[in-house]
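For reference, the chains in residue letters:
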Amino acid sequence: MVFLLLALLVVAVLHIYVWKRLVLDVARTPRFRRAGTIAFAVLASLLIAALVLPRRIGIDAARWIVWPGYLWFAVLFYLFVVLLVLEIPRFVANRRPKAEATDEGRRLFLARGAAVVAAVAAPATVGAGMVSALSAPEVKRFTVPIRRLDPAFTGLRIAVVSDIHVGPILGRAHTERLVRMINETQPDLVAMVGDLADGTVEDLGHAAEPLRDLVSREGTFFVTGNHEYYSGHQQWITELERLGLHYLRNTRTQITRAGRTFDLAGITDVTGKAFDDAPDVVGALRGRDETKPAVLLAHQPVQVTDAARAGVDLQLSGHTHGGQLYPFHHVVGLAQPAVSGLSKVDDTWLYVTNGAGFWGPPVRVGAAPDITVLELVSAPIIR
């Protein structure tokens, strides 16, 4: 409820600002202002419906609302960004000395010029972002040196996928494509790190079914993300286990090769605290052999603080979507230690995938969807 209220507040602020710049500041006839105001009211209502109604009217019916509503959300966002950037030259130009008779004409010219630029740039950006979001994910590959990793595991490949977000826009075909792409990488292990679905098992179980076809030597392991808790996490856990995936709920398992082992652990998302399902990295790793490395699945990068304190060697995360809509990357970076890619926190490697789907607008700008294959190699311990 708090998230929804915050989202509605943001929607209201964006609409008021963009309406003022595109309608109030450029129109000189009551008819144009009235038409522009009505158009903005209709679009705002459509966006609010896209945010509120899908869980109430069912996935099939929601598609007719979500597509136009979320596309308008993306266009609105980039109208806001472009107009905000153009405030600087407008301010400078309006500060220049000028005759009082030309003052109003200059202001109108600048307002209309900014409106035209925004009206061209925002839809063009959204169009390119749609192509990126709806295209096949990029397959990224990284090599990660792990201390204490036995040489027997050198070359072990972990396919990391997160934020699949099947829902009103992304359905079964999206999952089938991801499964096919992951299997083509021939991974030794698949790690799904949360946010599979935006809806219930009843509505979206069919879209998740292709996950049963994932193929790897060690199997597919998963943890919950925040959206699992919004969508009925217990039902989704049961469903994924029925499909043959292995759930790591604040626990660990051993991956074995040639008689050697390392620990693969998983913890619940921080959102689980509100559902009596809080993450517990200490409990997940309790009793392990600390001479062996530990790889942790944790939906949010922010959980790496506890992971580093617990001696985890590598944490695999998602959640950020790589920012999804540039320049929103910078806002995400205020809440998370990393937005995308491979980094290090103390002695713990952190890998954050951009995710394979999207939330909200079917648009990605500056953060293409991805599947990642991490190849582990043995690294010497420097004393």
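Please refer to the structure higher up on the page.
Trainee: Let's hear about the overall build of the chain: which residues, and what values?
Mentor: When you go through the chain residue by residue, the secondary structure sums to 12 helices and 12 strands. The principal-axis extent of the C-alpha atoms belonging to the chain is close to 85 × 50 × 40 Å. A total of 383 residues make up the chain; the buried ones form 53% of that total. Once local pairs closer than 6 in sequence are excluded, the contacts in the chain between residues at least 24 apart make up 75%. Carbon and sulfur atoms provide 60% of the accessible area of the chain, an area that totals close to 17,700 Å². Measuring between centres, the 39 positive side-chain charges of the chain sit 9 Å from its 35 negative side-chain charges.

Trainee: Could you give an account of the sheet that holds strand S10 (residues 341–345), with specific residues and numbers?
Mentor: Note: strands within a sheet are paired through backbone hydrogen bonds, in either parallel or antiparallel orientation. As summarised here, the arrangement of the 6 strands in space is S6-S7-S8-S9-S11-S10, forming an open sheet in which the pairing is mixed. Lying at the two open borders of the sheet, with one neighbouring strand each, are strand S6 (251–257) and S10. Going across the sheet, the axis of each strand differs from the next one's by a mean of 25°, ignoring polarity.

Trainee: Can you break down the environment of leucine 243 residue by residue, with the values?
Mentor: As for its placement among the helices and strands, leucine 243 is situated in the loop between helix H9 (233–242) and strand S5 (246–247). Other than its neighbours up to four places away in sequence, leucine 243 contacts Ala208, Glu209 and Arg212.

Trainee: Got a sec to walk through unusual backbone geometry? Specific residues and values, please.
Mentor: Geometrically, the link from tyrosine 326 to proline 327 is a cis peptide bond, its omega value of 10° lying close to zero. One can find proline 327 in the loop between strand S9 (314–317) and helix H12 (329–335). Not every positive phi belongs to a glycine, and histidine 165 is a case in point at roughly 55°. Mapped onto the fold, histidine 165 is located in the loop between strand S2 (156–161) and helix H6 (172–184).

Trainee: Lay out the packing of aromatic side chains in plain terms, naming residues and giving numbers.
Mentor: Throughout the structure, instances matching the rule amount to 8 aromatic pairs. The interplanar angle of 35° and the centroid separation of 5.2 Å between the aromatic rings of tyrosine 229 and phenylalanine 275 together place this pair among those described as tilted. Placement of the pair is tyrosine 229 in helix H8 (residues 226–230) and phenylalanine 275 in the loop between strand S7 (260–266) and helix H10 (281–285), with a sequence separation of 46 residues.

Trainee: Please give an account of the pairing of strand S12 (residues 370–379) that cites residues and values.
Mentor: When you tally the buried positions in S12, you get 8 out of 10 residues, the bulk of the element. As defined by bridge partners, strand S1 (residues 138–147) adjoins S12 across 10 bridges and the pair is classed as parallel. In the strand pairing of S12, isoleucine 146 is matched with serine 378. Bridge count for S2 against S12 is 5 bridges, and the pairing is antiparallel. What sits directly across from arginine 157, in S12, is glutamate 375.

Conventions adopted
Residues numbered from 1 in each chain as written. Predicted model: local features only at pLDDT ≥ 70, side-chain atom pairs only at ≥ 80, totals over all residues. Heavy atoms only, no water. Helix = DSSP H or I, 4+ residues; strand = E, 2+ residues; numbered from the N terminus. Buried < 20%, exposed > 50% of the residue type's maximum accessible area, 1.4 Å probe, protein only. Contact = heavy atoms within 4.5 Å. Areas by Shrake-Rupley, 256 points an atom, 1.4 Å probe, with all protein chains shown as cover. Lys, Arg positive; Asp, Glu negative; His and termini not counted. Charge placed at Lys NZ, Arg CZ, Asp CG, Glu CD. Pairing = 2+ DSSP bridges. Axes fitted to C-alpha atoms, helices over the stretch in contact; angles between N-to-C directions. Phe/Tyr/Trp six-rings, centres within 6.5 Å; stacked < 30°, edge-to-face > 60°.

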